[in-house]
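Observations on the three-dimensional arrangement
Given next are the chains, with one letter for each unit.
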Amino acid sequence: MDTDVESLTFEAALKELEGIVARLESGDTPLQDAIALYERGNALRARCAERLDAAQARIEAIRLDAQGRATTTPFAAG
């Protein structure tokens, strides 16, 4: 949980987020820890959304040329 959220892959962020949700749903987490988990989970959720948005933009950048072949337009994901 010490890993910087920005350096996580989508899959790693999602896996960690799922673990946080499970811990919070268990109801066994002390309040202060639950708050920290919620904050981390919110950052992970934002990271996952960012990665999904970037993937969608890359997919949308695919275009057909005059001959009907797929071409791509470079997209700089943030």
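These figures come from a predicted structure and were not determined experimentally.

Examining the overall build of the protein
If you tally the helices and strands in the protein, you get two helices and two strands. By residue count, 22% of the 78 residues in the protein fall in the buried class. Taking contacts inside the protein between residues at least 6 apart in sequence as the whole, the part at least 24 apart equals 49%. Carbon together with sulfur atoms contributes 55% to the accessible area of the protein, which is approximately 5800 Å² in total.

Let's talk about helix 2 (residues 31-60)
An ideal rise of 1.5 Å per residue puts 44 Å on 30 residues; helix 2 measures up with 43 Å between its terminal C-alpha atoms. Within helix 2, the full set of buried residues consists of Ala34, Leu37, Arg40, Gly41, Leu44, Arg47, Cys48, Ala54 and Ala57. In this fold, the buried residues of helix 2 make contact with helix 1 (10-26).

Thoughts on the pattern of salt bridges
With the rule as written, the count across this model stands at three salt bridges. As a salt-bridge pair, Arg40 and Glu16 come within 2.7 Å of each other at their nearest N and O atoms. Placement of Arg40 in helix 2 and of Glu16 in helix 1 is noted, with a sequence separation of 24 residues between them. Each member of the pair Arg40 and Glu16 is classed as buried. Ionic pairing is found between Glu50 and Arg47, a salt bridge with its closest N-O pair at 2.6 Å. In this pair, Glu50 and Arg47 are both assigned in helix 2, three residues apart and thus about one turn of the helix distant. On the accessibility criterion, Arg47 (9% relative accessible area) is buried.

Considering the nonpolar core
Counting residues in each nonpolar core, the largest one holds eight residues, listed as Val5, Leu8, Ala13, Leu17, Ile20, Leu37, Leu44 and Cys48. Contributions of two or more residues to this core are made by helix 1 and helix 2. The contacts of Leu44, once residues within four sequence positions are left out, are Val5, Leu8, Ala13, Glu16, Leu17 and Ile20.

Rules of the game
- Residues numbered from 1 in each chain as written.
- Predicted model: local features only at pLDDT ≥ 70, side-chain atom pairs only at ≥ 80, totals over all residues.
- Heavy atoms only, no water.
- Helix = DSSP H or I, 4+ residues; strand = E, 2+ residues; numbered from the N terminus.
- Buried < 20%, exposed > 50% of the residue type's maximum accessible area, 1.4 Å probe, protein only.
- Contact = heavy atoms within 4.5 Å.
- Areas by Shrake-Rupley, 256 points an atom, 1.4 Å probe, with all protein chains shown as cover.
- Expected span 1.5 Å × (residues − 1).
- Salt bridge = Lys/Arg side-chain N within 4 Å of Asp/Glu carboxyl O.
- Core = buried A, V, L, I, M, F, W, Y, C linked by side-chain atoms within 4.5 Å.

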